[in-house]
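# What the coordinates show
Below are the chains, spelled out letter by letter.
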Amino acid sequence: QVQLVESGGGLVRAGGSLRLSCAASGTILSINRMGWYRQPPGKQRELVATILRVSGATNYADSVKGRFTISRDSAKNTVYLQLNSLKPEDTAIYYCRADLGTNTYWGQGTQVTVSS
């Protein structure tokens, strides 16, 4: 079992920045990969970025490449998402996800709203 708690969302103007955090607890060593997904209003949940727990290899959606950065702090069991150059279309609920073998765990989500 893994518990995920996100924080750091909020309201920001276009061009601004935010940093999201996802603190994991439970069977941390069984986590293979962690990631951030988002669900814009009226749309389906989509991938933003992922990071492998051991190697740190990352993967990004094309829409956020060069603007968002995913990172991890293994000592704190926390994954971060730095959001720069935010656009109104980045407005969404951002969810943290952890993959353990065939099991998937989600956080409760944190709202990011970007005003024009």
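Going by the structure above, here's the rest.
Residues numbered from 1 in each chain as written. Predicted model: local features only at pLDDT ≥ 70, side-chain atom pairs only at ≥ 80, totals over all residues. Heavy atoms only, no water.

## Some points on the pattern of salt bridges
Counted only if it meets this: We define a salt bridge as a contact between a side-chain nitrogen of Lys or Arg and a carboxyl oxygen of Asp or Glu at a distance within 4 Å. Burial status follows relative accessibility: with a 1.4 Å probe on protein chains alone, a residue under 20% of its type maximum counts as buried, one over 50% as exposed, and anything between as partly exposed.
Summed over all chains, the structure comprises 6 salt bridges. The residue Asp 99 makes a salt bridge to Arg 97 at a minimum N-O spacing of 2.9 Å. In this structure, Asp 99 and Arg 97 share a single accessibility class: buried. Through salt bridges with shared partners, a single ionic network connects Arg 38, Glu 46, Arg 67 and Asp 90.

## Observations regarding the side chain of Arg 67
Let me state the cut-off plainly: Segments assigned H or I by DSSP are reported as helices when at least four residues long, segments assigned E as strands when at least two residues long, and all are numbered from the N terminus. Here, two residues are considered to be in contact whenever any of their heavy atoms come within 4.5 Å of each other.
Here Arg 67 lies in the loop between strand S6 (58-60) and strand S7 (68-73). What makes Arg 67 buried here is its relative accessible area of 11%. When sequence neighbours within four positions are dropped, the list of residues in contact with Arg 67 reads Gln 82, Leu 83, Asn 84, Ser 85, Leu 86, Lys 87 and Asp 90.

## A few points about the sheet that holds strand S3 (residues 18-26)
Cut-off, in case you're wondering: Strands qualify as paired when DSSP identifies two bridges or more between them. Axis geometry follows a simple rule: fit a line to the C-alpha atoms, using only the stretch in contact for helices, then measure angles between N-to-C directions, giving values from 0 to 180 degrees.
With antiparallel pairing, the 4 strands of this open sheet are ordered in space as S1-S3-S8-S7. Of all the strands in the sheet, just strand S1 (2-7) and S7 have a single pairing partner and so form its edges. Direction aside, neighbouring strands of the sheet carry axes that sit 15 degrees apart on average. Sheet topology places S1 next to S3; 6 bridges connect them, and they run antiparallel. Note that in S3 the partner of Leu 4 across the bridge is Ala 24.

## Side note on the pairing of strand S10 (residues 103-106)
As paired elements, strand S9 (residues 92-100) and S10 share 4 bridges and run antiparallel to each other. Bridge pairing links Leu 100 to Asn 103 in S10. Here S9 folds back onto S10, and the loop between the two strands holds 2 residues, one of which, Gly 101, carries a positive phi near 60 degrees.

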